[in-house]
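# Tertiary structure, described
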Amino acid sequence: MRSFDKERPILYLAPYERGGLETISELISEANDFIYIISPLFCNEILADRLVKKKSVDSKIAVRLVTYPIEAYGKKLKDSAEKVRKSFCDAEIDVGEFRRNWGNPRLFSQASLGDLGTWWGLHGKLMVTDKAALFFSSLLRDPLDRRTDIYVIFKDDDHIDHYCKLFENMSEVCDRLREISGDKKVVWDDEIDFSEQFHSKASNFDLYITGFPWIDSGREILWKILSNSRSSIYGIHEIIGDDSKRYNLVDLLIEQKKKGLDIQFIIAPFHTIQKANYKNSIRDMCGNGILTYEHAVKKKFATVHSKVIIVDDHTAVLSSFKLTGSGIDEGKGKSNNEIVEISNDEYLVTELKRRFTFLRQHEGTTALNQKLLNQFTKELANRPLWQRFVQTAS
């Protein structure tokens, strides 16, 4: 491999170019010294088996995870999660649990992950080995490649070093929170009085953890970038649904559009969006001239799950957060813990823009307009309640 090729990131848009299962499996195979993974869900049995086999072949390799505890999984995922966790335990793979009850119990519902409802906690995804760093947006469950997810592989030393630092920081905070809370539910304001910051700055990218107890806010990070944009904002984002009264990102996008910026977003199908305020955000964007597309291919069930924004063709925002209150909001216990990379890598920006153009021109992509949105709303209202939240593959 030529030296400058090693510095270039490698991008895949799953499932169209290459799946996440193949991508992550290859990184596991290539690793020699360590494999660190952050993921809210880890119940993909194939990936788990490959980690266990890697550990069995070389017992000295360090394999560590930060993920949710078993009790946070919904009924459909719990059997797989328990099987995976037992295999990790038997293989002596280190699993750090970011407990779901860490947060203000007044602010999250009782619904489990995998069921309908809202939860607060770990939502960031990241993988790093001694050979590569991986930013990804997928959930490590079965099946893995049912959605359009972005995978970005970095093989430069800067990314490997900074991703390792991020993993160590999150792992350390998990340990500290566990010591404070144990198995009980805690109210942040009353019982946890420490704050944390992770902002790792490299030559051409910045890396953050957002959401309490980390003090950085996804909203503040995005606001600075989007408010300073001068020509264009392109996004591939699962959901846009900001109902904040202050520093509302949808209002900001509309304001920037009125200044003449080219603003376009590709989102998950409108009829799959559950909350009325999220739907209203999309209507506001379309009504104010922001080109908004929905993407889904029934045959491949490839609905949008990526979280990427490209600003002025020179800045890329890779993130794990949805553009919703639980994704970007600030404040104790009021948002998920997310991972964000802000990059000015010219090659990365160009390649992300190329994937955006591919999706926008894809046969499974439809431009939304007010008439179409009203039609979706009417159709949705006529469905039985249980069908309103179900996507069919046929």
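A brief structural summary. Worth saying up front: this structure is predicted, and the values here are computed from it rather than measured.

### What to know about the pairing of strand β10 (residues 232-237)
Of all the 6 residues making up β10, 6 are buried; the element is thus mostly covered by neighbouring parts of the structure. By the bridge criterion, 5 bridges tie β10 to strand β12 (residues 262-267) in an arrangement that is parallel. Within the sheet, the bridge partner assigned to Tyr234 lies in β12 and is Gln264. Relative to strand β15 (residues 307-311), β10 is paired through 5 bridges, and the arrangement is antiparallel. Considered in β15, the bridge of Ile233 is made with Val311.

### Re the sheet that holds strand β18 (residues 338-343)
Taken together, the 9 strands give an open sheet; going across it, the order is β8-β9-β18-β16-β15-β10-β12-β13-β19, and neighbouring strands pair in mixed fashion. The sheet terminates laterally at β8 (199-201) and β19 (365-367), the two strands that pair on one side only. Direction aside, neighbouring strands of the sheet carry axes that sit 15 degrees apart on average. As paired strands, β15 and strand β16 (residues 315-319) are joined by 4 bridges and run antiparallel to one another.

### Notes on the pairing of strand β3 (residues 62-67)
Of all 6 residues that make up β3, 5 are buried, and the element is covered over most of its length. By the bridge criterion, 5 bridges tie strand β2 (residues 34-38) to β3 in an arrangement that is parallel. Bridging from a neighbouring strand, Ile38 pairs with Val66 of β3. The parallel pair β2 and β3, bridged by helix α3 (residues 45-57), forms a crossover whose chirality is right-handed. Strand direction decides the pairing type here: β3 and strand β4 (residues 94-97), joined by 4 bridges, are parallel. Bridging across to β4, Val66 finds its partner in Gly96.

### What to know about helix α11 (residues 346-360)
The end-to-end C-alpha separation of α11 is 21 Å, in line with the 21 Å expected for 15 residues at 1.5 Å each. Along α11, the residues that are buried comprise Leu348, Val349, Glu351, Leu352, Arg355, Phe356 and Leu359. A side-chain oxygen of the first residue of α11 lies 3.0 Å from the backbone nitrogen of Tyr347; this N-cap is Asp345.

What counts and what doesn't
- Residues numbered from 1 in each chain as written.
- Predicted model: local features only at pLDDT ≥ 70, side-chain atom pairs only at ≥ 80, totals over all residues.
- Heavy atoms only, no water.
- Buried < 20%, exposed > 50% of the residue type's maximum accessible area, 1.4 Å probe, protein only.
- Helix = DSSP H or I, 4+ residues; strand = E, 2+ residues; numbered from the N terminus.
- Pairing = 2+ DSSP bridges.
- Axes fitted to C-alpha atoms, helices over the stretch in contact; angles between N-to-C directions.
- Right-handed = clockwise from strand over helix to strand, strands pointing away.
- Expected span 1.5 Å × (residues − 1).
- Polar contact = N/O pair within 3.5 Å; in protein donor to acceptor, adjacent residues only side chain to side chain.

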